[in-house]
Amino acid sequence: MIKYEYNEHKFPYKWNLTDGYPAKGIQPNGLKVFGTFICGGGSTMGYKLAGYTHLGGVEIDPQVADIYKTNHNPKYLYNQDIREFNKLIDLPDELYNLDLLDGSPPCSSFSMAGSREKAWGKEKQFREGQAVQTLDDLVFEYCNTIIKLQPKVFLLENVKGIISGNAKAYSKKIIQTMEQAGYKVQLFLLNAASMGVPQRRERVFFIGHKKELNFKPLILDFNEKPILFGDIFENIIYNDLTNNEQYLYDNKKIGDNDFGVINLRLGNKQNSFTTKLLYKNKVCNTITAGDNNILFDIPRKTTINETCLIGTYPLDYNFKTIKPKYLIGMSVPPIMTAQIAHQIWLQWFKTA
């Protein structure tokens, strides 16, 4: 694996869709990829930045699918549950000849900040208008998609919690299922902050290739310069806090990471722990769809531009009527995907 100097970034975290694909210095590689659970297209953009041809994907939410179509103009777009997609028998031949299949099954039931075991096997609806679904079995529905389409390589992304505690059994079953299906599987725990993303975001990646391809083990070892919140901060002063947020904000101390800590210090219940405090001299916390991020120095939440930069979304992305924080929080940062995709091409396909 080629290592870059500490002060370099392979892919730009500040960019626009109008800049075009692939990223500067990257050449198209002709590899075809298809996505599942595509959301706003974080991974889609990552593959395009890395020189891949992205064919589209599967998305259950009609409003999100419409936004995806507006921003990415996919060749194929299936607005349906992955379980229904897996039943289709009239798919294009192109989808049975993929170089790579990508998927990030919804992962809140495995998150260390979520309900974990209490939510396993239960149905959930993320947003109004979206179909109700059980979440913990979606990783295996995605395994069924891989087995159905038989790509040369697959990538399955999830939260760190899937390799922790009782959830380890899910990880072992994923690897066992795909090994039995003819794939050699590796598991990686990566932090986006070391990959040119202005965000501390640890995620697990299961990456597998067909055994007959006999690829060497993939090496993913990133050490790019951390991008601090102060590097992307917009010097805009206003106050958009609620009365309760203002009360907690007024009682903050240096070192507090979230409002939950402040609540505890004030003798209240430890709630509001998803409201994070951002320091200019630190890398931003993980953005999730349900979090609030409030600046320590200014009583306001992140601007749209700051949120895009934290998630490495393009600044000219059309979010339509959905809050940027929701789509970005649900997405793999494009630059995180681009880094992995580039190494897959470099180490596996380029040398094949």
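Right above here is the structure, for reference.
The paragraphs below set out a description of the structure included in this document. It should be emphasised that the depicted structure is a prediction, and the values quoted were computed from it without experimental measurement. Sequence positions are assigned chain by chain, starting from 1 and proceeding in written order. Given that the model is predicted, a residue must reach a pLDDT of at least 70 before its local features are reported, and side-chain atom pairs must reach 80 or more before they are shown or counted; all residues, however, enter totals for whole chains, interfaces and linings. The basis for every side-chain value is the complete set of heavy atoms in the structure, and neither hydrogens nor water enter the calculation.

## A closer look at the sheet that holds strand β2 (residues 53-58)
Alright, step 1. If DSSP finds at least two bridges between two strands, the strands pair. Only DSSP runs of H or I with at least four residues qualify as helices, and only runs of E with at least two residues qualify as strands; both kinds are numbered from the N terminus onward. Judged by pairing direction, the sheet is mixed, and its seven strands sit side by side in the order β3-β2-β1-β4-β7-β9-β8 without closing on themselves. Here the strands that pair on one side only, and so sit at the sheet edges, are β3 (76-78) and β8 (183-191). Within the sheet, the average angular offset between the axes of one strand and its neighbour, ignoring direction, is 20°.
Alright, step 2. Where strand β7 (residues 153-159) lies against strand β9 (residues 202-210), seven bridges are found, and the strand directions are antiparallel. When the bridges of β9 are listed, F154 appears paired with G208. Fitting a line to C-alpha atoms yields each axis, with helices limited to the stretch in contact; the angle taken between N-to-C directions then spans 0 to 180 degrees.

## Some words on empty space enclosed by the protein
Alright, step 1. Throughout, the protein atoms alone are placed on a 1 Å grid, and a set of points is a cavity if a 1.4 Å probe fits but cannot get out or a pocket if it is open with protein on both sides within 12 Å along at least five of seven lines; lining residues have an atom within 4 Å of a point. Grid points are joined across faces, edges and corners, and a volume is the space filled by probe spheres set on the points. Taken as a whole, this structure holds one cavity of 30 Å³ or more when the rule is applied.
Alright, step 2. Estimates place the volume of the largest cavity at around 40 Å³.
Alright, step 3. Lining the largest cavity are S43, Y47, D102, S104, L155, E157, F205, V332, T337 and I340.
Alright, step 4. The set of elements that each furnish at least two residues to the lining of the largest cavity consists of α1 (42-49), β7 and α11 (334-349).
Alright, step 5. When its residues are assigned to classes, the lining of the largest cavity shows five nonpolar, three polar and two charged. Under the scheme applied here, ten amino acids are nonpolar (Ala, Val, Leu, Ile, Met, Phe, Trp, Tyr, Cys and Pro), four are charged (Asp, Glu, Lys and Arg), and all others, including Gly, are polar.

## A word on the packing of α1 against α11
Alright, step 1. Here α1 crosses α11 at 45°, and the two axes come no closer than 7 Å. On the basis of their axis angle, the class for α1 and α11 is oblique. In this structure, α1 crosses over α11, and the sense of that crossing is right-handed. Contacts between α1 and α11 involve G42, S43, M45, G46, Y47 and L49 on the former and, on the latter, P334, I335, T337, A338 and A341. Each angle receives one of four descriptions, namely roughly parallel if under 35 degrees, roughly antiparallel if over 145, roughly perpendicular if within 65 to 115, and oblique otherwise. With the far helix as reference, a near helix turned anticlockwise by less than a right angle produces a left-handed crossing, and one turned clockwise produces a right-handed crossing. Contact criterion: two residues are considered in contact whenever any of their non-hydrogen atoms come within 4.5 Å of each other.

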